[in-house]
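# Fold and contact review
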Amino acid sequence: MTLPAVLPVLAATEEHVTAQAADGVYSSAWLLVAIPLVSAAVLLLAGRRTDRWGHWLGVLASAASFVVGASILLTMLGQPDEERVRDLHLFSWIPAGEFTLDAGMRVDPLSMTFVLLVTFVGTLIHVYSVAYMEHDRDRRRFFAYLNLFVAAMLLLVLADSYLLLFVGWEGVGLASYLLIGFWNHEMPNSVAAKKAFVANRVGDVGMIIAIGLMFATFGATDFETVFAGSPAASEGLLTATGLMLLLAATGKSAQFPLQSWLGDAMAGPTPVSALIHAATMVTAGVYLVVRSGPVYAGAPTALLVVAIVGAFTLLFGAIIGTAKDDIKKALAASTMSQIGYMMLAAGLGPIGYAFAIFHLLTHGFFKAGMFLGAGSVMHGMDDDVNMRRYGALSGLMKVTWITFGLGWLAILGVPPFSGFWSKDKIIESAFATNDGHGWQPWVFGLVALVGAGITAFYMSRLFFMTFHGRRRWSDGHGRSDVDADAPVRHPHESPALMTWPMIVLAVGSVALGGLLTIGDAFAGWLEPVTGHVEHHEPVLPIWLIMALTLVLVAAGAFLAWRQYGAAPVAVVAPRGSVLTRAARRDLYQDDVNEALLMRPGQYLTRSLVFGDRQVVDGAATGLARTVAGSGELVRRLQNGFVRSYAATMVLGVVVLAAVVLAFQL
Amino acid sequence: MTLANYLVLASILFTIGATTVLVRRNAIIVFLGIELMLNSANLAFVTFARMHGDLTGQVVAFFVMVVAAAEVVVGLAIIVAIYRTRRSASVDDVNLLKS
Amino acid sequence: MSALLSLGGVAAGPVGTALADTGRTSSAEAVLFWVIGPVMVLAALGLLFARRTVYAAMSVVVVMICLAVLYVAQEAPFLGVVQVVVYTGAVMMLFLFVLMLVGVDPSDSLTETIKGQRWISALLGIGLGVVLVSVVLNAGDFASRGLEAANTETNPVGVAQVIFGDFVFDLQVVGILLVTAALGALVLTHRERITRRIGQRERSEARILAGETLTPLPAPGVYARSNAMDVPALGPDGRPLDASVSRVLRVRGQERAVEEVHLDATAAGAARHLRDADEGLGGPEGVGSTPPQRSITGEEQVR
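Residues numbered from 1 in each chain as written. Chains lettered and ligands numbered in written order. Predicted model: local features only at pLDDT ≥ 70, side-chain atom pairs only at ≥ 80, totals over all residues. Heavy atoms only, no water.

Secondary structure summary: chain A contains 25 helices and 3 strands in total. A total of 665 residues make up chain A; the buried ones form 54% of that total. Pairs at least 24 apart in sequence give 79% of the contacts found in chain A among residues at least 6 apart. (Helix = DSSP H or I, 4+ residues; strand = E, 2+ residues; numbered from the N terminus. Buried < 20%, exposed > 50% of the residue type's maximum accessible area, 1.4 Å probe, protein only. Contact = heavy atoms within 4.5 Å.)

What follows is the structure, given as structure tokens:
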């Protein structure tokens, strides 16, 4: 293994492993993308003919991808670190003279982590959807989109160049758009889809600029060249590239300031929310930052901005989550907040990369599980999403209650559940930012700590409002704990196809974190990508941080219990404090966007349209009118009388002769 | 008197012929105006021949006469044909040239 | 014509040298010009202002004859002759012929129908005249060599030499043009027959079918003291036959009654009537002319 000449500078802190050519089972990595893609194509092109078995084809495609991914993973586990990074050359993609870009795949621990997360959780959600979407006449189309999403997401994480990554990036955006607006016969759904699409486009501009900067600087967009060249590039350029990548990440991962679309994205079917808007796609931004580690290594300012954005969004999402009564929107706010944690971790530099991905992984499990639980609840409650009309469901939906409860404990960070292992590490790392110097460790550390407390509060609120407390619905026999005119519901446990995925995910929520933490297994696993970093000492002792976290979590959970578990929950949301009302309106993010971007944009377009009509079209129509008018005038000369024409001729003769005469004189 | 007198006379005749074409409506009179213009040109040609001492001018005038004869034949035939269909020899009635 | 030619000779002969030397014409030519010129201009104005087409055409004839005179005066006797023969003789007669064919037309009137055309025409005419005259007057240098040298072998010979020398090809082309024009005139005036031709047979058949009179109509009255177109003949029954008087006269009301020419017509008629009765002949309803009737009765008498 030989490092390029520029690398030794970096080698002191980070040990990147250069890629080897893919062989053996690695060379089948393209199947990961191809299988779901073909399945999506078949389902979309074959149309209604596949209605009867199409959903099972979708499940099969996703499962097949998982099998391929698992076999690659097993092979990789059996090899030493140096051989775990593989490049699979697929084909020459853009051969343009001197510039050639090959389409290839980067198979390494980071991408394999994502592959397994996406295919495993994806397969479970596929199975879940078979039952969830059973009564939807467009179930086949739904599975086609899901498969399309899986293919695009895998392409995103497996790409070996930013350009190919961008293809997957847009692919998941497209799938997200299609799935949010899946029930697009209702206006709010299509509006939400459009909003997500537009917000993502803003981020994509950042991505395109970043790719352009890389191409201008390094003459290539593949990871190998870019990472090898970045230590030698100027810091300003790297900072610009890093910030543009961050912009892309904020768009895709619903981070501040492009976060507003995620709440509306809950308009899509719940499995979509679970897979795309909780477990996988929204974490693509984190993947992008972590993958671009070498770029950020030369741009500490950009990295700091990443951390700030993450920290801000962490609190932002958490605050919104405390006020939402819509179960899916509360979960969406929670997702936003949790991804804030990951971004914060990623923004801490190499020290946090592994924890960011770790939390991403565990979060993917427990949040997907909770979303599926929410879907199960909605399934039993006639698609009602208002938690103020839930309550006391624990006895009626036992499996849902238990699996959701395990996820709840995981996200709270209660030991030994998964969330504890990942989130606690992030909080610790936040306290160790900047080698423990300056203001950063205190600010980021405290934000992460407080965020954990708020997370405990709103997740407990959600849990208690849904499964405990009084029954705020009617069973149709006039039995209700609140009022007589409560909506009639017949809550029941979901079919096995729905509960089993929830159970599997719940197992992951419980055990995954602990298993992967044993002997720093996961951090070591990612080392070929993130490099090995020695831990710095946090500004506070680790036991104190852990204790503080647990105390805050317990306090938040207790507060939620006292307010929503023990005390009766109002059926109609009380007016609440200023902060509550603000949180209900997503902290006025839509209003801000509207005032700052939409209105000026509309005025701009209106004035442009006005200018276009008056000036550009005016010139054109004016010209036409002039021509027509002069034609109208000249037409009078064209009266058909030969004598008039003769007069014109004579006039010409006179004028010509007069001119000749004038020059002669 | 110099030969310029002839040319001035030719100019005057030409002008009268042209004005006739513009003013009169009867196709035959218009045609006569054209003949007048041709003849005034002939007068000018003959005068030029005399000026230059070269008979070519007279030959050209001769050719003009021949061509004019041909033109008269065709032109009058056209007038007769038009008159047959329209019962009118007014040039203003033949105004299909307008769009 | 011979007078004209001699005039040309007079103009060209002794004056030619003078023209070449001085650049001025002889005074005889000047007199001729100043007599002929105004006549031409007046005649041309006649074309412009004449109310009747025939007058306009006749003015043009005058202009053309005057032109012929001027040609001869300008040492171009051949052209002068051609002018008279071709233009005045052929072309203008053609014009008059077509004029007669077309007849009187409302467009002969001088009232203007196109708005402003008259003013524009007047303006343009004046402008054109002014411009042309000033061009001529500003041309300055006039060579005035005269045609004495060129006309040494008489003018027609000189012209012929040029035509059949330098311009022989043009002559051929012009010949083709003339033939083409003649054909063109034929084509333009040709009328396609769109109904079946009606000949003598068809006419007579139609007449029989219509039940008209097959015999010739009776001739008008021929009497001892009066023999005129406007008096009807008398039928066998002594009554006047209307059909014997020309239809035109009847329509005009110019026919005369028998009584006007025969004061004793009644008596004569009555007498003839009585005589016929004596001979045992009834009063057959005769429609034919008198003489055949007579001849028939004569035959009967013979029998």
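The side chains of a regular strand alternate, residue by residue, between the two faces of the sheet. All names here are of chain A. Pairing between strand E1 (residues 20-21) and strand E2 (residues 86-96): 2 bridges, direction parallel. When the bridges of E2 are listed, Ala-21 appears paired with Asp-87. Once E2 ends, the chain turns through 2 residues before running back antiparallel as strand E3 (residues 99-107), passing Gly-97 with a positive phi of about 60 degrees. (Pairing = 2+ DSSP bridges.)

Attention shifts here to the UniProt feature "transmembrane region" (unreviewed entry) in chain C. Feature annotation in UniProt places "transmembrane region" (unreviewed entry) on residues 30-49, 54-73, 85-104, 116-137 and 167-188 of chain C, given in this structure's numbering. The span residues 30-49 of chain C shows a helical share of 100% and a strand share of 0%, and its end C-alpha atoms are spaced 28 Å apart. (UniProt positions renumbered as here; feature names shortened; annotations may be inferred.)

Another aspect to go through is the side chain of Ser-129 of chain A. Residues and elements named next belong to chain A. The residue Ser-129 is located in helix H4 (residues 109-132) in this model. Here Ser-129 falls in the buried class, since its relative accessible area comes to 0%. Excluding anything up to four places from it in sequence, Ser-129 contacts Glu-134, Arg-139, Phe-142, Phe-143, Leu-146 and Pro-271.

In this section: the nonpolar core. If you look at the biggest cluster of nonpolar residues, it comprises 186 residues, and the most contacted ones within it are Met-153 and Tyr-162 of chain A. Broken down by element, the residue count for this core peaks at 18 residues, all from helix H16 (residues 350-380) of chain A. In contact with Met-153 of chain A, not counting residues within four places along its chain, are Phe-114, Val-118, Val-172, Thr-280, Met-281 and Ala-284 of chain A. Membership of the second largest hydrophobic core comes to 91 residues, among which are Leu-19, Val-63, Val-69 and Val-136 of chain C. (Core = buried A, V, L, I, M, F, W, Y, C linked by side-chain atoms within 4.5 Å.)

To continue, consider the interface of chain C and chain A. On the side of chain A, 14 residues touch chain C, which itself brings 12 residues to the contact. Both sides together, the interface formed by chain C and chain A hides about 1100 Å², and carbon and sulfur atoms give 72% of it. The largest share of the area that chain C buries against chain A comes from Ile-114, Leu-124 and Val-131 of chain C, three residues that together contribute 46% of it. If you look at where chain C meets chain A, you find 0 salt bridges. Summed over the shared surface of chain C and chain A, the result is 1 residue pair in polar contact (both at pLDDT 80 or more). Classifying every residue of the side of chain C that touches chain A gives 6 nonpolar, 5 polar and 1 charged. (Buried area = accessible area lost by both parts, 1.4 Å probe. Salt bridge = Lys/Arg side-chain N within 4 Å of Asp/Glu carboxyl O. Polar contact = N/O pair within 3.5 Å; in protein donor to acceptor, adjacent residues only side chain to side chain. Nonpolar A, V, L, I, M, F, W, Y, C, P; charged D, E, K, R; others polar.)

Let us look at the packing of H16 of chain A against helix H21 (residues 521-530) of chain A. All names here are of chain A. Their axes nearest at 10 Å, the elements H16 and H21 cross at an angle of 125 degrees. It follows that H16 is oblique to H21 by the angle criterion. Read as a crossing pair, H16 and H21 show a hand that is right-handed. Residue-level contacts link Pro-350, Tyr-353, Ala-354, Ile-357, Phe-358 and Leu-361 of H16 to Phe-522, Ala-523, Leu-526 and Thr-530 of H21. For the contact of H16 with H21, the class distribution of residues is 9 nonpolar, 1 polar and no charged. (Axes fitted to C-alpha atoms, helices over the stretch in contact; angles between N-to-C directions. Parallel < 35°, antiparallel > 145°, perpendicular 65-115°, else oblique. Left-handed = near helix turned anticlockwise from the far one by under 90°.)

Moving on: the interface of chain C and chain B. Counting residues at the interface gives 90 residues for chain C and 70 residues for chain B. Each partner contributes to the roughly 7100 Å² buried at the junction of chain C and chain B, and carbon and sulfur atoms together form 74% of this total. Among the residues chain C hides against chain B, the three largest losses belong to Gln-74, Tyr-87 and Phe-95 of chain C. Together they make up 10% of the total. Where chain C packs against chain B, one counts 2 salt bridges. At the surface where chain C touches chain B, the tally comes to 16 residue pairs in polar contact (both at pLDDT 80 or more). Among the elements that line the side of chain C that touches chain B, the one with the most residues is helix H4 (residues 77-102) of chain C, at 13 residues. For the side of chain C that touches chain B, the residue count by class is 59 nonpolar, 21 polar and 10 charged.

All right, on to a nonpolar patch on the surface then. There is a patch of nonpolar side chains on the surface, built from Leu-174, Tyr-177, Phe-197, Val-198 and Val-202 of chain A and spanning about 390 Å² of accessible area. When residues of the nonpolar patch are assigned to their parent elements, the largest contribution, 3 residues, is made by helix H7 (residues 187-218) of chain A. (Patch = residues over 30% accessible without salt bridge, like charges linked within 9 Å, V, L, I, M, F, W, Y side chains within 5 Å. Areas by Shrake-Rupley, 256 points an atom, 1.4 Å probe, with all protein chains shown as cover.)

In this section: the side chain of Thr-88 of chain C. Residue and element names in this part refer to chain C. Mapped onto the secondary structure, Thr-88 falls in helix H4. Given a relative accessible area of 9%, Thr-88 falls into the buried group. Filtering out sequence-adjacent residues up to four positions away, Thr-88 remains in contact with Val-61, Met-64, Ile-65, Gln-83 and Met-93.

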